[in-house]
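Inside the fold
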Amino acid sequence: EAAVTQSPRSKVAVTGGKVTLSCHQTNNHDYMYWYRQDTGHGLRLIHYSYVADSTEKGDIPDGYKASRPSQENFSLILELASLSQTAVYFCASSDDWGYEQYFGPGTRLTVL
Amino acid sequence: GDSVTQTEGQVALSEEDFLTIHCNYSASGYPALFWYVQYPGEGPQFLFRASRDKEKGSSRGFEATYDKGTTSFHLRKASVQESDSAVYYCALAPDTNAYKVIFGKGTHLHVLP
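Attention in this report is confined to the structure presented alongside it. Since the structure is predicted, the reported quantities are computational estimates derived from the model, not experimental observations.

The next thing to look at is the packing of aromatic side chains. Under the definition given, this model contains 18 aromatic pairs over all chains. For the ring pair Y31(A) and Y50(A), a centre distance of 6.4 Å and an interplane angle of 40° mean the geometry is tilted. Here Y31(A), found in strand β4 (residues 31-38), pairs with Y50(A), found in strand β5 (residues 42-51); they are 19 residues apart in sequence, far enough to count as distant. Residue class for Y31(A) comes out buried when judged on its relative accessible area of 11%. Summarising the aromatic geometry, the rings of F62(B) and Y88(B) are spaced 5.4 Å apart at their centres and angled 40° between planes, so their arrangement reads as tilted. Linking F62(B) in strand β8 (residues 62-65) with Y88(B) in strand β10 (residues 86-93), this pair joins segments that are 26 residues apart in sequence. We note that F62(B), like Y88(B), is buried. Grouped by ring-pair contacts, the aromatic residues Y33(A), Y35(A), F90(A), F103(A), F34(B), Y36(B), F46(B), Y89(B) and F103(B) constitute a single cluster. In this arrangement the basic side chain of K68(B) is found over the ring face of Y30(B), its NZ or CZ atom lying 4.5 Å from the centre.

Okay, the sheet that holds strand β9 (residues 75-77) of chain B next. The pairing of strands in a sheet happens through backbone hydrogen bonds and is either parallel or antiparallel. Residues and elements named next belong to chain B. One open sheet holds the four strands; their spatial order is β3-β9-β8-β7, and the pairing between them is antiparallel. Of all strands in the sheet, those bounded by a partner on one side alone are β3 (19-21) and β7 (56-59). Here the average twist between neighbouring strands, direction ignored, is 20°.

The next thing to look at is the pairing of strand β11 (residues 107-111) of chain A. Residues and elements named next belong to chain A. Only one face of β11 is buried, namely the one carrying T107, L109 and V111, since none of R108 and T110 on the opposite face is buried. The pairing of strand β2 (residues 10-13) with β11 spans four bridges and is parallel. Each residue of the ladder has a partner; that of K11, found in β11, is L109. Inspection of the sheet shows strand β9 (residues 87-94) paired to β11 by three bridges, in the antiparallel sense. Bridging across to β11, A87 finds its partner in L109.

Analysis parameters
- Residues numbered from 1 in each chain as written.
- Chains lettered and ligands numbered in written order.
- Predicted model: local features only at pLDDT ≥ 70, side-chain atom pairs only at ≥ 80, totals over all residues.
- Heavy atoms only, no water.
- Phe/Tyr/Trp six-rings, centres within 6.5 Å; stacked < 30°, edge-to-face > 60°.
- Helix = DSSP H or I, 4+ residues; strand = E, 2+ residues; numbered from the N terminus.
- Buried < 20%, exposed > 50% of the residue type's maximum accessible area, 1.4 Å probe, protein only.
- Lys NZ or Arg CZ within 6 Å of the ring centre and 35° of its normal.
- Pairing = 2+ DSSP bridges.
- Axes fitted to C-alpha atoms, helices over the stretch in contact; angles between N-to-C directions.

Here it is in structure tokens:
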């Protein structure tokens with residue numbers, strides 16, 4: 001069964017601090033994505049990647065960086081965390097474009 | 001730009017009621033259309049997809065038909081159960097930008113016993 005795991009599952013960070021969210025997939029998928037979920041906004045795409053060592057900007061990339069060191073791993077980095085980045089973050093993977101995405105369980109990030 | 005509109009933010013039904021959640025899209029060509037379901041504390045799960053006009057997708061008693069004429073992909077279920085309570089997302093993958101999937105804002109379904 002397809003599996004996407006995320007760590008940590010929850011995190012409290014201080015404003016201005018650095019935060020790294022990690023995602024690992026065992027699906028052998030080429031495509032990986034980072035979304036944030038906020039009440040009233042649904043899911044919004046932050047960054048995505050379709051090959052290791054390459055990332056692309058999504059719809060709301062400001063304040064976020066991404067890293068794809070291998071096919072299995074995809075990280076989201078907040079260099080200077082801000083209050084507005086408090087949200088639930090989901091990682092997902094897919095076999096190809098236009099195909100279903102498999103989501104991880106999410107990371108609840110609170111920036112104080 | 002491409003977009004997905006879900007009309008209902010919240011829907012409240014009783015068990016065995018008929019469900020319709022409306023989804024309309026704006027995109028050129030023939031985007032792939034999806035429905036996802038998200039239960040509390042979990043990530044979204046894929047329900048089904050359709051990629052051609054008049055194609056019907058279905059899973060777990062839910063179904064939707066791709067209608068290019070009305071640019072719609074409405075989710076329906078004949079008889080809902082309390083366990084169907086969740087957030088439902090309509091999404092599209094544009095055929096002009098292969099990697100981006102656009103999600104609607106979601107519809108929260110509450111099914112009362």
